[in-house]
Amino acid sequence: MSTKRSLLLLPGDGIGPEVMRQVRRVIDWYARKRGIEFAVEEGLVGGCSYDAHGTPLTDETMARALAVDAVLLAAVGGPKWDNLGFDKRPEAGLLRLRKEMELFANLRPAKVFDALVDASTLKPDVVRGLDIMIVRELTGGVYFGEPRGITDLPNGERRGVNTQVYDTHEIHRVARVAFELARKRGNKVCSSDKGNVMESGLLWRQEVIALHKAEYQDVELSHMLADAAAMQLVRNPKQFDVIVTDNLFGDILSDEASMLTGSIGMLPSASLGATDANGKRKALYEPVHGSAPDIAGRDLANPIAMFLSFAMALRWSFDLQAEADVLENAVENVLNTGLRTGDIMQPGMAKVSTSVMADSILREMDKVAAA
Ligand code: NAD
């Protein structure tokens with residue numbers, strides 16, 4: 001029986017296959033240079049799956065995603081499929097993966113590399129050295145709560161209804177992810193809610209406090225109303241380490257935090273499910289960016305968000321912390337040498353293609369690993 005770590009690669013559409021091709025080289029590097037082997041399968045998701053099979057995700061690929069240790073997805077979508085019905089659209093494949101894998105915790109790091117400090121719209125002093133993690137609840141709250149819908153009223157008006165609802169276990173499992181993460185980082189969690197005006201927010205706060213008291217007293221816990229957190233994220237983002245919040249506020253705060261870095265081609269993410277009896281967790285890793293149809297097929301895409309997504313997989317699915325450091329440090333060193341893809345180009349730097357950026361990072365991995 002193979003003891004290899006298993007990976008399902010879903011390159012998807014647009015620039016997806018281009019950046020995934022480069023990640024395959026990184027995966028091969030770990031096998032060749034570090035003796036860390038992955039059993040790698042590849043599948044279709046999104047528009048390419050629709051073209052081949054008439055559906056954005058086949059049952060077979062879904063089953064593979066449920067069976068492997070980690071799924072690495074690049075991006076889906078593009079103008080070619082924009083007019084399809086909702087259930088045939090590329091994004092439906094992604095939503096099905098998230099739903100059936102029960103990925104309830106979405107991790108979005110916002111890290112500012114020194115070399116890119118000027119890419120942020122905020123002052124360099126505010127963002128230099130920034131390294132925060134937003135943990136967003138992903139499968140509950142107002143996006144899924146019932147009742148929901150639009151109804152006609154007797155007076156001729158219409159009413160739109162959504163329901164914000166959280167049960168104890170939903171709050172505990174995502175807060176647990178945040179506390180565990182914090183222990184491996186700066187050991188601080190800030191929980192964000194609107195407990196001043198929403199009962200669901202009050203419950204959120206009470207349950208986070210209860211879990212902290214029972215299991216995580218070694219982690220520093222604070223609370224901040226979501227509107228205040230939105231302000232503090234642009235005023236003084238470095239005060240945070242891990243922020244945990246619900247689906248709605250997390251949607252907004254994670255986008256706000258990621259933009260502190262100023263470069264979408266650099267941002268990875270992870271979505272985690274529950275740990276099973278064998279200690280294994282379902283997990284999907286993907287860049288924050290989309291399929292960038294405007295630059296697809298031209299060797300222009302920045303592969304770094306995809307690389308950093310794989311580094312998150314090394315960290316969170318395979319507990320290969322030192323190996324993740326090798327990749328992340330190599331990315332940082334290459335940026336320090338002044339190489340840039342078009343999306344992060346700055347005056348005085350050298351503009352390179354997707355493949356040259358990947359070549360350089362792979363060469364740098366040799367150096368970092370040898371050091
Ligand atoms: P996008 O992220 O694809 O592109 C936004 C801009 O950023 C574009 O100018 C693009 O060229 C640039 N960009 C993005 N990633 C880059 C990279 N790695 N390197 C260099 N430049 C990069 O967002 P969009 O244009 O709003 O959407 C395009 C398609 O992607 C749509 O079909 C959308 O539905 C889909 N999309 C998919 C995902 C996903 O798969 N998770 C996320 C967002 C959008």
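Fair warning: this is a prediction, and the values are worked out from it, not measured in the lab.

Participant: Let's hear about the sheet that holds strand 2 (residues 38–42): which residues, and what values?
Facilitator: Ordered in space as 2-1-3-12-11-4-5-10-8-9, the 10 strands form an open sheet in which the pairing is mixed. Single-partner strands in this sheet number two, and they are strand 2 and strand 9 (220–225). Pairs of neighbouring strands in the sheet enclose a mean axial angle of 20°, with direction left out of account. As defined by bridge partners, strand 4 (residues 105–111) adjoins strand 11 (residues 268–275) across three bridges and the pair is classed as antiparallel.

Participant: Tell me about helix 9 (residues 247–259), and name the residues and values.
Facilitator: In this model helix 9 runs 18 Å from its N-terminal to its C-terminal C-alpha over 13 residues, within 8% of the 18 Å that 1.5 Å per residue would give. Along helix 9, the residues classified as buried are Asn-247, Phe-249, Gly-250, Leu-253, Ser-254, Glu-256, Ala-257 and Ser-258. In this structure, the buried side of helix 9 is in contact with strand 4, strand 5 (131–137), strand 8 (188–193), helix 8 (226–235) and strand 10 (242–245).

Participant: So, the packing of helix 10 (residues 304–316) against helix 11 (residues 321–336): which residues are in play, and what are the values?
Facilitator: Contact pair helix 10 / helix 11: the axes reach a minimum separation of 7 Å and the direction vectors enclose 160°. By the angle between their directions, the pair helix 10 and helix 11 is classed as roughly antiparallel. Relative to helix 11, the crossing made by helix 10 is left-handed. In this structure, helix 10 contributes Ile-304, Phe-307, Leu-308, Phe-310, Ala-311, Leu-314 and Arg-315 to the contact, and helix 11 contributes Gln-321, Glu-323, Ala-324, Asp-325, Leu-327, Glu-328, Val-331 and Leu-335. Taken together, the residues that form the contact of helix 10 with helix 11 break down as 10 nonpolar, one polar and four charged.

Participant: Could you give an account of the site of the ligand, with specific residues and numbers?
Facilitator: With respect to spatial proximity, 20 residues lie near the ligand, and among them Glu-91, Gly-290, Ala-292, Asp-294 and Asn-302 are the closest. Here Gly-290 contributes a backbone N or O atom positioned 2.7 Å from an oxygen atom of the ligand. For the ligand, whose accessible area on its own is 800 Å², the fraction buried by protein is 68%. Residues of the shell around the ligand, tallied by class, amount to nine nonpolar, seven polar and four charged.

What counts, and at which threshold
- Residues numbered from 1 in each chain as written.
- Predicted model: local features only at pLDDT ≥ 70, side-chain atom pairs only at ≥ 80, totals over all residues.
- Heavy atoms only, no water.
- Pairing = 2+ DSSP bridges.
- Helix = DSSP H or I, 4+ residues; strand = E, 2+ residues; numbered from the N terminus.
- Axes fitted to C-alpha atoms, helices over the stretch in contact; angles between N-to-C directions.
- Expected span 1.5 Å × (residues − 1).
- Buried < 20%, exposed > 50% of the residue type's maximum accessible area, 1.4 Å probe, protein only.
- Contact = heavy atoms within 4.5 Å.
- Parallel < 35°, antiparallel > 145°, perpendicular 65-115°, else oblique.
- Left-handed = near helix turned anticlockwise from the far one by under 90°.
- Nonpolar A, V, L, I, M, F, W, Y, C, P; charged D, E, K, R; others polar.
- Near = heavy atom within 4 Å.
- Polar contact = N/O pair within 3.5 Å; in protein donor to acceptor, adjacent residues only side chain to side chain.
- Areas by Shrake-Rupley, 256 points an atom, 1.4 Å probe, with all protein chains shown as cover.

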